[in-house]
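For reference, the chains in residue letters:
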Amino acid sequence: MRQSNTYILIFAAGLTIIVGGLLSTTSVVLKPLQDKQVELDTKKKILSAVMEVSSIKYPDEILRVYAENISSYVVDFQGNLVEKDAKGIDIVAEKINVAKNSKLPKEERMYPVFQAINGDQAYIFPMYGQGLWDWISGFIALEGDLNTVKAITFDHKTETPGLGARIADLEIQERYVGKKIYDASGTLRSIDMVKGEKGLPLNDHHVDGMSGATMTSKGVNAMLRKYLESYGNFISKTRQGSKVASW
Amino acid sequence: MSTETLEQEEAVLIKEKPSEPFLSKRRKKFISDPLIDDNPISIQVLGICSALAVTVKMEPTLTMAIAVTAVIVFSNLIISLIRDFIPNRIRIIVQLAIIAALVTLVSEILKAYYYDMFKVLGAYVGLIITNCIVMGRLEAFAMANKPYDSILDGLGSGFGYAWIILVVAFFRELLGSGSIFDFKIFAAIGWSGFPTNGLMVDSIGAFMILGILIWIQRSKTGYVEAH
């Protein structure tokens, strides 16, 4: 009986229904929790660009600190504030899917800006691009002059551990601190990671490379350039508004 | 008179089916064998890919060890419970479906409660499905043994896997990052200039430590692979 085709079919169908049901139930039940974790993770990353967050243990504490210190809004390519989408619904900067947005032409994208309002001025922009194997993403925090890098964080999906995955290490990210994105004449130069890792001091627009991870660093360079260009209008408008004198 | 017959009947019953102690010698072997003598990694050389991939640091390794042990134990239990109903011709597919479902569960739970860990382990949790230890135990043990024995067997194999990858991770994190469970151990004892070894962060480091481990173990047990 256990070898008959009918039994096999019924068994397989039963198994599929039970396993499928179990998995979809779990997925539905855990979805809100997972969404909250993603939100928490995003806010943590934004905060970590301007302050030390690793000492904060409780999730609610992070949300509170975030609400106190970060003001977020969305601008378009021209640098104008966007408050409602095409359907008239309020836009929430944290809910903007940077990954999806990066596939649109740059004029149509939404650009979230996270501004540190307490203490030192800082503007934080999200970034998204392609590494060697899959997506890479990050946040760049600029000082109040909108030129000097205050901090940078990178994340990745599956860059090679020990090589490209090092972009997620503090050691690499600290190399960007203090670098400038514009040169003295006000032209966007972005910051490029050079090929090879020599540990040499480099100029304002270059950082030391990652040995064995040239493809990943090319992805990082392209991502930085793309987003700094896209935020260019916002940056120049903000500067004019706040009358920042020196470049 | 009547009580006497009852007692006699009971005695006969017990004689026919002596109940095995909860942890009899035979059952203890299910747990102790895979730890050293029949270790899934160092003797059977299974599950090497994950042993290499996740052992850069102790914390993700511990999570991975717990996840793999949980998957082995529960899949062993489930397969053992339904072993008399599984049609022989599709048994591998059934085993895979059970493993895949459990692994997906683990991954979803990690994502909901330990998101940071989920990001670190990422694809490797999903790859537990392809960990040969899990399927090996199902096919070799759970298909032919009772549920309780299968749980013990799963625990044994899980622990055998766990301690090896934890040892590998200990040395990789210590030498590669100069820390244990992210605690900067060399900086704490005042040696802040400890030269971390980049090789240990690479998979190559895991190969070397694993090789040394297997070498030490086999020189002690005298185990030689059959040709």
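See the structure printed just above.
Since this is a predicted model, take the numbers as computed values, not measurements.

A. Fine view of the overall build of chain A. Broken down by element type, chain A carries 6 helices and 8 strands. Secondary structure elements of chain A occur, N-terminal to C-terminal, as α-α-β-β-α-β-β-β-β-α-β-β-α-α. In terms of its C-alpha atoms, chain A occupies a principal-axis envelope of roughly 85 × 50 × 40 Å. Each of the 247 residues in chain A was classed as buried or not, and the buried ones make up 29%.

B. Layout of the nonpolar core. Val 50, Val 113, Ile 124, Phe 125, Phe 139, Ile 140 and Ala 141 of chain A are the most contacted members of the largest nonpolar core, which totals 47 residues. Where this core is concerned, the elements lending two or more residues are α1 (5-48), β1 (70-75), β3 (111-116), β4 (122-130), β5 (135-143), β6 (149-156), α5 (214-230) and α6 (232-242) of chain A. What Val 50 of chain A contacts, discounting residues up to four positions off in sequence, is Ala 116, Ala 122, Ile 124, Ala 141, Lys 150 and Ala 151 of chain A. Counting 41 residues, the second largest nonpolar core, distinct from the first, contains Ile 86, Leu 110, Phe 141 and Ala 169 of chain B.

C. Molecular detail of the sheet that holds β4 of chain A. Residues and elements named next belong to chain A. Strand order in the open sheet formed by 6 strands is β2-β1-β3-β4-β5-β6, and the pairing between neighbours is antiparallel. Among the strands making up the open sheet, the edge pair consists of β2 (81-82) and β6. Relative to β4, β3 runs antiparallel, the two sharing 3 bridges. Along β4, the bridge assignment pairs Gln 115 with Tyr 123.

D. Here's a closer look at the interface of chain A and chain B. The partner chain B presents 19 residues to the 20 residues of chain A that form the contact. Tallied by class, the residues present in the side of chain A that touches chain B amount to 11 nonpolar, 7 polar and 2 charged.

Here is what the cut-offs are and how they apply
Residues numbered from 1 in each chain as written. Chains lettered and ligands numbered in written order. Predicted model: local features only at pLDDT ≥ 70, side-chain atom pairs only at ≥ 80, totals over all residues. Helix = DSSP H or I, 4+ residues; strand = E, 2+ residues; numbered from the N terminus. Buried ≥ 20, exposed ≤ 12 C-beta atoms within 10 Å, placed from the backbone. Core = buried A, V, L, I, M, F, W, Y, C linked by C-beta atoms within 7 Å. Contact = placed C-beta atoms within 7 Å. Pairing = 2+ DSSP bridges. Nonpolar A, V, L, I, M, F, W, Y, C, P; charged D, E, K, R; others polar.

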